[in-house]
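For reference, the chains in residue letters:
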Amino acid sequence: MKRKLISALLCAAMTASLLVGCGSSSNETAAPADDAAPATEAEAPADDAAPADDAAAPAGDIDKSGITIGVAMPTKDLQRWNQDGDNMKSQLEAAGYQVDLQYASNDVATQVSQIENMISNGDNLLVIASIDGSALGSVLEQAKAANIPVIAYDRLIKNTDACSYYCSFDNYKVGVTQGQYVVDTLDLENAEGPFNIEFCAGDPGDNNAILFFDGAMDTLKPYIDAGKLVIKSGQDEFADVATAGWSTETCQSRVQTIISSYYADGTKLDAVVCSNDSTALGACNAIDSDYSGDQPIVTGQDCDIANIANLVSGKQSMSIYKDTRELAAKCVAMVDSLMSGSECEINDTETYDNGVMVVPSYLCEVAFADKNNYKELLLDTGYYTKEQLEEVGVTVE
Ligand code: BGC
């Protein structure tokens, strides 16, 4: 069948591409190509490859209409994954591919079975934003056996050699940027303090959640050690502050408990470092309902539309801006490279050790939005329309 033939040609092209080695960019350093190359492709003998002409064919020369890209997204519950799914679908279709887009309601078993179906349906490449990065090892063995390349999207897939590439943002830097925002806003270099701070991190199954927390904690730890920042709850480990499923409600109830236990007697709460916008919403709700002091600093991430009104009113101080259109564009470029046997653009070959291999990665840059710059970042770039902002109660002049 046409799809099987294309699959065979593409596998051969992929093999040839990976045998050549992945592309390099300026900040790529030490890791040798052999360490970075996924075992499936590296092990495949060159003789299995299609004729050189096919392998070298640029993406434009392939009949992409017969190529299906499976895109597995975690959930429709959070805005960003809807955006990511939409961006990936529209950009892949614009490039000429067929798209098999699935959402898994944040249920690992559902995601595993969706990926199994993608493999048995003959999808030619998988792009996966995992729910639990450590839970896909077995199903990805099947992808590897079928020579289907896998790109980990936004979240690293762990404990497998079947993950060809990783396309994400600089996740550690997200946390550093949140921590630095607190340092700058409280003027921790100069102010005496002490200031009181609490942390709300993300889901323990999401590798990003740990990186966000580590980035923020590493930035703030010197001030905690110096006594300028105090965590009244004493909850300073990732395991203490993690939020299952990144749930707004779970975060809200934890912050309510912290407020009633440590801040009900007039003790000032100066900052709540929330790793993303769903947890920030929970923290802001808890502060609204249970805390009577001045508005603390609250950080976030994603610039979710539901958070923009809080950002503008000052309830939420900042949100990390990650342009998901750019992430999708980089990921689609990776798909094109893999499908055509050309070099993938990567800019990190050191950071993302998944327990079995260092996954060659492309990391997009992040910035932060606050009430002073949200128009430039979110409106002028077309990320949101004026109407979308007005719908959530933000008046745009
Ligand atoms: C993403 C964040 C998102 C969170 C919850 C993380 O993996 O990087 O942007 O807020 O998941 O969906």
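Thresholds, definitions, all that
Residues numbered from 1 in each chain as written. Predicted model: local features only at pLDDT ≥ 70, side-chain atom pairs only at ≥ 80, totals over all residues. Heavy atoms only, no water. Buried < 20%, exposed > 50% of the residue type's maximum accessible area, 1.4 Å probe, protein only. Helix = DSSP H or I, 4+ residues; strand = E, 2+ residues; numbered from the N terminus. Pairing = 2+ DSSP bridges. Right-handed = clockwise from strand over helix to strand, strands pointing away. Near = heavy atom within 4 Å. Polar contact = N/O pair within 3.5 Å; in protein donor to acceptor, adjacent residues only side chain to side chain. Nonpolar A, V, L, I, M, F, W, Y, C, P; charged D, E, K, R; others polar. Domains from an automatic or database assignment. Axes fitted to C-alpha atoms, helices over the stretch in contact; angles between N-to-C directions. Contact = heavy atoms within 4.5 Å. Core = buried A, V, L, I, M, F, W, Y, C linked by side-chain atoms within 4.5 Å. Phe/Tyr/Trp six-rings, centres within 6.5 Å; stacked < 30°, edge-to-face > 60°. pLDDT = per-residue confidence, 0-100.

Our next topic: the pairing of strand β6 (residues 195-200). Burial analysis of β6 places six of its six residues in the buried class, which makes it a mostly covered element. In β6, alternate side chains face the same way, and those of Phe 195, Ile 197 and Phe 199 on one face and Asn 196, Glu 198 and Cys 200 on the other are all buried. Direction of pairing for β6 relative to strand β7 (residues 229-230): parallel, over a ladder of two bridges. Within β7, the position partnered with Phe 195 by the bridge is Leu 229. As a crossover connection, the stretch from β6 through helix α9 (residues 207-225) into β7 is right-handed. Sheet analysis places β6 next to strand β8 (residues 271-274), joined by four bridges and oriented parallel. Opposite Ile 197, over in β8, you have Ala 271 as the bridge partner.

A few words now on the site of the ligand. Around the ligand, a shell composed of 13 residues is seen, among which Arg 80, Asp 154, Arg 155, Asp 206 and Asp 302 lie nearest. Between an oxygen atom of the ligand and a side-chain N or O atom of Asp 206, the distance comes to 2.5 Å. Of all the secondary-structure elements, those providing two or more residues to the shell around the ligand are α5 (79-95) and α9. When grouped by side-chain class, the residues that make up the shell around the ligand number four nonpolar, three polar and six charged. Built from parts of two domains, the shell around the ligand gets at least three residues from each of domain 1 (2-163 + 324-365) and domain 2 (171-321 + 371-379 + 383-391).

Read from one edge of the open sheet, six strands run β2-β1-β3-β4-β5-β11, paired in parallel fashion. Single-partner strands in this sheet number two, and they are β2 (98-103) and β11 (361-364). The sheet shows a mean angle of 15 degrees between the axes of neighbouring strands, direction not considered. Sheet topology places strand β3 (residues 125-128) next to strand β4 (residues 150-153); three bridges connect them, and they run parallel. The partner of Ile 128 across the bridge, within β4, is Ala 152.

What follows covers the side chain of Thr 279. With respect to the helices, strands and loops of the structure, Thr 279 is situated in helix α12 (residues 277-290). A residue is classified by how much of its surface remains accessible, and Thr 279, at 0% relative accessible area, is buried. When neighbours within four sequence positions are excluded, Thr 279 is seen to be in contact with Cys 200, Ala 201, Thr 243, Trp 246, Cys 251 and Cys 274.

Now for the nonpolar core. Core analysis: the largest hydrophobic core is formed by 62 residues, its most contacted members being Met 88, Val 127, Tyr 153, Phe 199 and Leu 220. Lining this core are residues from two domains, each supplying at least three of them: domain 1 (2-163 + 324-365) and domain 2 (171-321 + 371-379 + 383-391). Once residues lying within four places of it in the same chain are set aside, the contact partners of Val 127 are Ile 69, Gly 70, Val 71, Ala 72, Met 88, Ile 151, Tyr 153, Cys 331 and Val 335. Judged by nonpolar contacts, the second largest core, of 24 residues, contains Ala 72, Leu 136, Ala 152 and Val 359.

Once that is clear, we can look at the pairing of strand β1 (residues 68-73). By the criterion of burial, β1 is predominantly enclosed, with six of the six residues buried. By the bridge criterion, six bridges tie β1 to β2 in an arrangement that is parallel. Looking at β2, one finds that Met 73 is bridged to Tyr 103. At this point the chain moves from β1, through α5, to the parallel β2, and the crossover so formed is right-handed.

With that out of the way, let us pick up the packing of aromatic side chains. Tallied over the full model, the rule gives seven aromatic pairs. Each ring, one from Tyr 321 and one from Tyr 383, has its centre 5.1 Å from the other, and the planes form 80 degrees; the classification is edge-to-face. Placement of Tyr 321 in strand β10 (residues 319-321) and of Tyr 383 in the loop between α15 (374-379) and α16 (386-391) is noted, with a sequence separation of 62 residues between them. Neither residue differs from the other here; Tyr 321 and Tyr 383 are each classed as buried. The interplanar angle of 70 degrees and the centroid separation of 5.2 Å between the aromatic rings of Tyr 383 and Tyr 384 together place this pair among those described as edge-to-face. Note on Tyr 383: relative accessible area 10%, which makes it buried.

Further remarks concern the confidence of the model for the protein. Summarising the model, the protein shows a mean pLDDT of 88, and 85% of its residues fall at 70 or more. Confidence scores differ between elements of the protein, with helix α3 (residues 39-43) showing the lowest mean pLDDT of 29 and β8 the highest of 99. The model gives residues 1-58 a pLDDT under 50, and that stretch makes 90 contacts with residues more than four places away or in other chains.

Position of Gln 83 among the secondary structure elements: in helix α5. Under the relative-accessibility criterion, Gln 83 is labelled buried at 18%. For Gln 83, the residues in contact, after removing those within four places along its chain, are Thr 324, Tyr 383 and Tyr 384.

Read from one edge to the other, the open sheet built from four strands follows the order β7-β6-β8-β9, with strand pairing classed as parallel. The sheet is open, and its two borders are formed by β7 and β9 (297-298), each paired with just one other strand. Contacts from α12 reach β6, β8 and β9 within the one sheet, and its direction differs from that of β8 by about 155 degrees.

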